[in-house]
Amino acid sequence: DVIPNFVHYVWILKDPTVFRLNFKIFVSAYSAHLYFRPERIYIHTDAPPDVIEHARSTGDVWTRRILALPGITFNHVQVPLTTKHGVKISHIEHKSDFLRIEALRDFGGIYMDMDAIPLRDVADLRKSGFANVVGGAVALAMKHRGFINNGVMLAKPHSILTTIWLEAAHRVFDGVWGTSVQLLTDLAYRLMAVPSEVLILHPNAFAPMSWEYSDQKRLFQPNMKIPAVKASVEGNSGAPTELRATCMDAMAYLLEREDEGKMETWEMDFSSTYILHAFDDGIEKMGGWDHEINLKYVLARQSNYARAVYPAIWDAVKEGVIPREE
């Protein structure tokens, strides 16, 4: 009756000779390792074994650090080019839609897009007794509201939802953006009538921010009016006390700051968020900074994203995964 403690990512290569992951993906994978302690972290990919081994030994630093995490397991997949009914699947995102459903149906576990960042354990959700756990999606525009987020999902293997969803996806796919999300939304709400089949959580659980530019700006834009927090190789000296805690203590931290009148108007409350789906395709439009989501950016803690993911990254420093001199 428990959803397996497996994490699933899908990574389709644009260049079949290069397997490369970046710092933002490290943030997601290390956070999953830290908070979930999963039995396996699956990367479902079309990368050939020799390309993976080359990346493991001579790839860039963040690729090698991700591949060195405990439980990393590769599952070689055949990327779908057409549906069972012959409809062409062109976009990588649509190909990934099919592969993520297959992964959850066959293995069960926790699927996350590469830009989804765990902030706390989901063990209570895995042990809730439901065969599938999904969350709503936030949208500023009315026409986009009410949908289920397909970037973070939990499921038991061969659940009713994933079994029907995969078959239906082949039937209804038309190449239009959003068809998969609309299908998932329709099925999830229909199957809520089946006892213990689908638990639908508030959008704050998995996607407290939308993919729209104003939300992305609120999440990623550094607030240059506050000084960057300087980390020390001897420890985190000089950082505010609350930043030494994990996100599991966020509610107590927020209440304390409210009582003391220290809440800043731009701060976001992630105390009810299990996994932060951090849509980031609008970063380049933001002014006032170099648009680099890197180690320096996170340690400075001048943005909501940096403050949310900081505890996991500082843990990686303390554990020597990221060298202190770096």
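Going by the structure above, here's the rest.
Residues numbered from 1 in each chain as written. Predicted model: local features only at pLDDT ≥ 70, side-chain atom pairs only at ≥ 80, totals over all residues. Heavy atoms only, no water.

K.L.:
Hey, could you run me through unusual backbone geometry in this one?
P.N.:
Phi is mostly negative for residues that are not glycine, and the peptide bonds are mostly trans. Even without a glycine there, the phi angle at R37 is positive, about 45 degrees. Along the chain, R37 turns up in the loop between α1 (23-36) and β2 (40-45). Even without being a glycine, H158 presents a positive backbone phi close to 55 degrees. With respect to the helices and strands, the residue H158 is situated in the loop between β7 (152-155) and α6 (160-172). (Helix = DSSP H or I, 4+ residues; strand = E, 2+ residues; numbered from the N terminus.)

K.L.:
How do you make sense of the sheet that holds strand β6 (residues 132-135) when you look at a structure like this?
P.N.:
The pairing of strands in a sheet comes from backbone hydrogen bonds and takes either a parallel or an antiparallel form. Spatially, the seven strands line up as an open sheet ordered β3-β2-β1-β4-β7-β6-β8, and their pairing is mixed. Looking along the sheet, the strands with just one partner apiece sit at the ends: β3 (72-76) and β8 (198-201). Neighbour-to-neighbour, the strand axes of the sheet open up by a mean angle of 20 degrees, direction not taken into account. One ladder, built from four bridges, connects β6 with β8; its direction is parallel. The residue of β8 that forms the bridge with V134 is I200. Its contacts with the sheet place helix α4 (residues 92-107) against β1 (6-11), β2, β3, β4 (109-112) and β7, and it is angled at close to 155 degrees to β1. (Pairing = 2+ DSSP bridges. Axes fitted to C-alpha atoms, helices over the stretch in contact; angles between N-to-C directions. Contact = heavy atoms within 4.5 Å.)

K.L.:
Even after reading the chapter, I still don't get the environment of D290, so can you show me in this structure?
P.N.:
By secondary structure assignment, the location of D290 is in the loop between β9 (275-277) and α10 (295-300). From its side chain, D290 meets the backbone nitrogen of E292 in a polar contact 3.1 Å long. (Polar contact = N/O pair within 3.5 Å; in protein donor to acceptor, adjacent residues only side chain to side chain.)

K.L.:
Teacher, can you tell me more about the pairing of β7 here?
P.N.:
One face of the sheet, then the other: side chains in a regular strand alternate in exactly this way. Residues V152 and L154 point to one face of β7 and M153 and A155 to the other, with burial holding for every one of them. In this sheet, β7 lies alongside β4 in antiparallel orientation, the contact comprising four bridges. Of the residues in β7, the one forming a bridge with I110 is L154. For β6 and β7, the ladder comprises two bridges, and the chain directions are antiparallel. The partner of N132 across the bridge, within β7, is A155. (Buried < 20%, exposed > 50% of the residue type's maximum accessible area, 1.4 Å probe, protein only.)

K.L.:
It is not clear to me how the environment of K225 should be interpreted in this structure. Could you clarify?
P.N.:
Mapped onto the fold, K225 is located in the loop between α8 (213-220) and α9 (250-259). Look at K225 and you get exposed, because its relative accessible area is 81%. Spatially, the C-alpha atoms of K225 and Q302 are 8.7 Å apart, while their sequence positions differ by 77 residues.

K.L.:
Help me understand the packing of α6 against helix α7 (residues 179-191) in this model?
P.N.:
When two helices pack together, their arrangement is given by the angle between the helix axes and by the axis-to-axis distance. Contact geometry for α6 and α7: axes closest at 10 Å, N-to-C directions at 140 degrees. When the axes of α6 and α7 are compared, the pair comes out oblique. Viewed along their axes, α6 and α7 form a crossing whose handedness is right-handed. Judged by residue contacts, I160, L161, I164, W165, A168, A169 and V172 of α6 engage T179, S180, L183, L184, L187, A188 and L191 from α7. Taken together, the residues of the contact of α6 with α7 sort by class into 12 nonpolar, two polar and no charged. (Parallel < 35°, antiparallel > 145°, perpendicular 65-115°, else oblique. Left-handed = near helix turned anticlockwise from the far one by under 90°. Nonpolar A, V, L, I, M, F, W, Y, C, P; charged D, E, K, R; others polar.)

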